[in-house]
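Spelled out, the chains give:
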Amino acid sequence: MNCSLPDRVLLSYAMDRQQDRLCLQSLWDFVTAKEPFIKSPFFPVLFSFTAYMAFCLPYIALDFLSTRLPNLRIYKIQPQNYPSLGMMVPCIIQSVYHHAVLIFPVTFLHWYWRPMNLPVIAPELPEVLLEVVVCLLLFDFEYFLWHLLHHKVPWLYKTFHKVHHKHVSTFALTTQYSSVWELLSLGFFAAINPLLLRCHPLTEMIFFLVNIWLSVEDHSGYDLPWSTHRLVPFGLYGGAPHHDLHHLKFKSNYAPYFTHWDKLFGTFTESHSN
């Protein structure tokens with residue numbers, strides 16, 4: 001018996017959706033195989049710290065190699081400034097302290113009051129991509145407002161944000177070199193958006209990874225050929241040159257990732273690379 005055209009369309013649509021889900025099902029099955037660890041109070045803090053250090057590591061290697069290999073120096077945004085080991089170690093110590101003393105108690109309370117539920121079925125790929133982009137856009141807006149306020153109000157800047165501006169020339173490990181209030185604020189923004197959108201746990205994990213990576217890249221101090229701002233067209237994404245200029249000039253480029261809010265508020269400044 002031949003199917004009618006509407007039936008064939010519906011069948012094709014159902015098969016496409018199943019294929020989209022199967023793209024991530026193997027990955028999700030691998031994650032849920034570690035369910036006791038994933039649902040433990042230790043997972044969020046270990047996940048965050050491990051991802052952060054793993055993303056910083058290539059740039060740390062680049063910082064040491066660039067001083068010896070002239071061909072790499074062309075990618076350094078401020079080639080006259082390189083971080084020393086003495087500058088890196090305090091950043092690592094502070095990050096370990098913050099994760100152990102601040103982030104772990106918060107994630108423990110979250111684990112106690114709202115245990116994680118791991119569904120059997122993985123999300124569809126288009127759903128994941130859309131929700132990750134929406135989470136990034138929301139985080140970008142929230143941080144832009146927080147950042148602008150903490151620069152415009154002198155007391156807020158001196159009390160909470162000034163520590164993050166200790167280094168005028170940023171390097172990867174300065175990403176989380178900040179006050180307790182700033183760390184908790186940004187952590188709250190990152191955590192609340194997937195919750196509001198009711199994202200699948202896998203989508204939430206992917207968003208956290210993307211967000212950590214983009215933050216590290218922003219502070220890396222390098223303008224590489226494959227940097228995110230070179231992949232996103234029409235100057236919509238600022239990237240490392242955009243944020244590096246913020247640390248250099250202080251009074252512009254407040255959004256962490258995208259450029260539209262700075263352009264709308266008149267706080268956008270063209271980056272070095274342009």
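Every residue gets a number counted from 1 within its own chain, in the order that chain's sequence is written. Local features in this predicted model are restricted to residues whose pLDDT is 70 or higher, and side-chain atom pairs enter the listing and the counts only when it is 80 or higher, whereas totals over whole chains, interfaces and linings include all residues. To obtain the side-chain values, all non-hydrogen atoms of the structure were used and water was disregarded.

J.: An account of the overall build of the protein chain is needed here, citing residue identities and associated values.
T.: Counting its secondary structure elements, the protein chain contains twelve helices and zero strands. Overall, the protein chain shows an N-to-C arrangement of helices and strands of α-α-α-α-α-α-α-α-α-α-α-α. On the principal axes, the C-alpha backbone points of the protein chain span a range of 75 × 45 × 40 Å. Note on exposure labels: buried denotes an accessible area under 20% of the residue type's maximum, exposed denotes more than 50%, and partly exposed covers the range between, all computed with a 1.4 Å probe on protein chains only. By the burial criterion, 45% of the 274 residues in the protein chain qualify as buried. A run of H or I in DSSP becomes a helix once it reaches four residues, and a run of E becomes a strand once it reaches two; helices and strands are each numbered from the N terminus.

J.: Can you break down the packing of helix H6 (residues 125-152) against helix H8 (residues 180-196) residue by residue, with the values?
T.: In this analysis, axes come from line fits to C-alpha atoms, helices being fitted only over the stretch in contact, and the angle between any two N-to-C directions falls in the range 0 to 180 degrees. Where H6 contacts H8, the axes come no closer than 9 Å and their chain directions differ by 155°. In this view, H6 runs roughly antiparallel relative to H8, as classed from their interaxial angle. H8 is crossed by H6, and the crossing has right-handed handedness. Contact residues: Cys135, Leu138, Phe139, Glu142, Tyr143, Trp146 and His150 in H6; Trp181, Glu182, Ser185, Leu186, Phe189, Ala190, Asn193 and Pro194 in H8. Reported orientations rely on four angle classes, namely roughly parallel under 35 degrees, roughly antiparallel over 145, roughly perpendicular from 65 to 115, and oblique for the rest. Note on convention: the crossing is left-handed when the near helix lies turned anticlockwise from the far helix by less than a right angle, right-handed when the turn is clockwise. Residue contacts follow a heavy-atom distance rule, with two residues in contact if any of their heavy atoms lie within 4.5 Å.

J.: Go over a nonpolar patch on the surface with me, naming the residues and quoting the values.
T.: For patch detection, residues must exceed 30% relative accessible area and be free of salt bridges, and they are connected within 9 Å for like charges or within 5 Å for nonpolar side chains (Val, Leu, Ile, Met, Phe, Trp, Tyr). Using the Shrake-Rupley algorithm and a 1.4 Å probe, accessible areas are obtained, with residue cover drawn only from the displayed protein chains. Salt bridge, as applied in this entry: a Lys or Arg side-chain nitrogen positioned within 4 Å of an Asp or Glu carboxyl oxygen. Together, Phe108, Leu109, Trp111, Tyr112 and Trp113 line one region of the surface with nonpolar side chains, adding up to about 590 Å² of accessible area. Locating Phe108 in the fold gives a position in helix H5 (residues 85-113).

J.: I'd like to hear about the pattern of salt bridges, residue by residue, with values.
T.: Here the structure, examined in full by the defined rule, presents two salt bridges. Close ionic contact of Lys39 with Glu35 constitutes a salt bridge, the shortest N to O distance being 3.1 Å. Looking at Lys39, the relative accessible area reads 31%, which means it is partly exposed. Measuring nitrogen to oxygen at the nearest pair gives 3.0 Å for the salt bridge that ties Arg230 to Asp223.

J.: Outline the confidence of the model for the protein chain, listing residues and values.
T.: Residue-level confidence of the predictor is what pLDDT reports, using numbers from 0 through 100. The predicted model of the protein chain has a mean per-residue pLDDT of 90, with 91% of residues at 70 or higher. Below a pLDDT of 50 lies the segment residues 9-16, which in the model reaches zero contacts outside its immediate sequence neighbourhood of four places, other chains included.

J.: Requested: an account of the nonpolar core, with residues and values cited.
T.: Counting residues in hydrophobic clusters, the biggest one holds 25 residues, and the most contacted among them are Trp28, Ile38, Leu136, Phe139, Met205, Phe207 and Tyr257. Going through the elements one at a time, helix H1 (5-32), helix H3 (43-66), H6, H8 and helix H9 (201-219) are the ones with two or more residues in this core. Examining the composition of this core, we find that seven residues originate from one element, H6, more than from any other. Non-local contacts of Tyr257, meaning those with residues more than four positions away in its chain, are made with Leu136, Phe139, Asp140, Asn211, Leu214, Ser215, Asp218, Tyr237, Gly238 and Gly239. What makes a nonpolar core is a set of buried Ala, Val, Leu, Ile, Met, Phe, Trp, Tyr and Cys residues whose side-chain atoms join them at distances within 4.5 Å. With 17 residues, the next largest nonpolar core counts Leu62, Phe171, Tyr222 and Leu224 among its residues.

J.: Any chance you could break down H9 for me, citing the residues and the numbers?
T.: Counted at 1.5 Å a residue, the expected span for H9 with its 19 residues is 27 Å, and the 27 Å between its end C-alpha atoms agrees. A positive phi of about 85° marks Gly221, the residue just after H9. The span one expects for a helix is its residue count, reduced by one, times 1.5 Å.

J.: Give me the lowdown on the packing of H9 against helix H11 (residues 239-249), citing residues and values where you can.
T.: It is the contact of H9 with H11, at a shortest axis distance of 7 Å, that shows an interaxial angle of 60°. By the criterion of interaxial angle, the relationship of H9 to H11 is oblique. H11 is crossed by H9, and the crossing has right-handed handedness. Contacts between H9 and H11 involve Glu217, Asp218 and His219 from the first element and Gly239, Ala240, His243 and His247 from the second. Charged residues are taken to be Asp, Glu, Lys and Arg, nonpolar residues to be Ala, Val, Leu, Ile, Met, Phe, Trp, Tyr, Cys and Pro, and polar residues to be all remaining types, Gly included. Considered class by class, the residues forming the contact of H9 with H11 number one nonpolar, four polar and two charged.

J.: Go over the packing of aromatic side chains, please, and point to the residues and values.
T.: When two rings of Phe, Tyr or Trp (its six-membered ring) have centres within 6.5 Å they constitute a pair, described as stacked for plane angles under 30 degrees, edge-to-face for angles over 60, and tilted for the intermediate range. Taken as a whole, this structure holds 22 aromatic pairs when the rule is applied. Centroid distance Phe108 to Trp111: 5.3 Å. Interplanar angle 40°. Geometry classified as tilted. Highlighted residues: Phe108 and Trp111, both in helix H5, separated by three residues, approximately one helical turn. The class of Trp111 is partly exposed, set by a relative accessible area of 33%. Three or more aromatic residues link up through ring pairs in this structure, and these residues are Phe139, Tyr143, Trp146, Tyr237, Tyr257 and Phe258. Cation placement over rings: the criterion is NZ of Lys or CZ of Arg within 6 Å of the ring centroid and within 35° of the ring normal. The side chain of Lys34 reaches across the aromatic face of Phe30, ending 3.9 Å from its centre. Seen from the ring of Tyr222, Lys76 lies directly overhead, with NZ or CZ sitting 5.4 Å from the centre.

J.: I'd love a proper account of unusual backbone geometry, names of residues and values included.
T.: The backbone of Arg198 sits at a positive phi, close to 55°, despite the residue not being glycine. Looking at the secondary structure, you find Arg198 in the loop between H8 and H9. At Phe250, a position not held by glycine, the phi torsion is positive, near 75°. Its location among the elements puts Phe250 in the loop between H11 and helix H12 (260-265).

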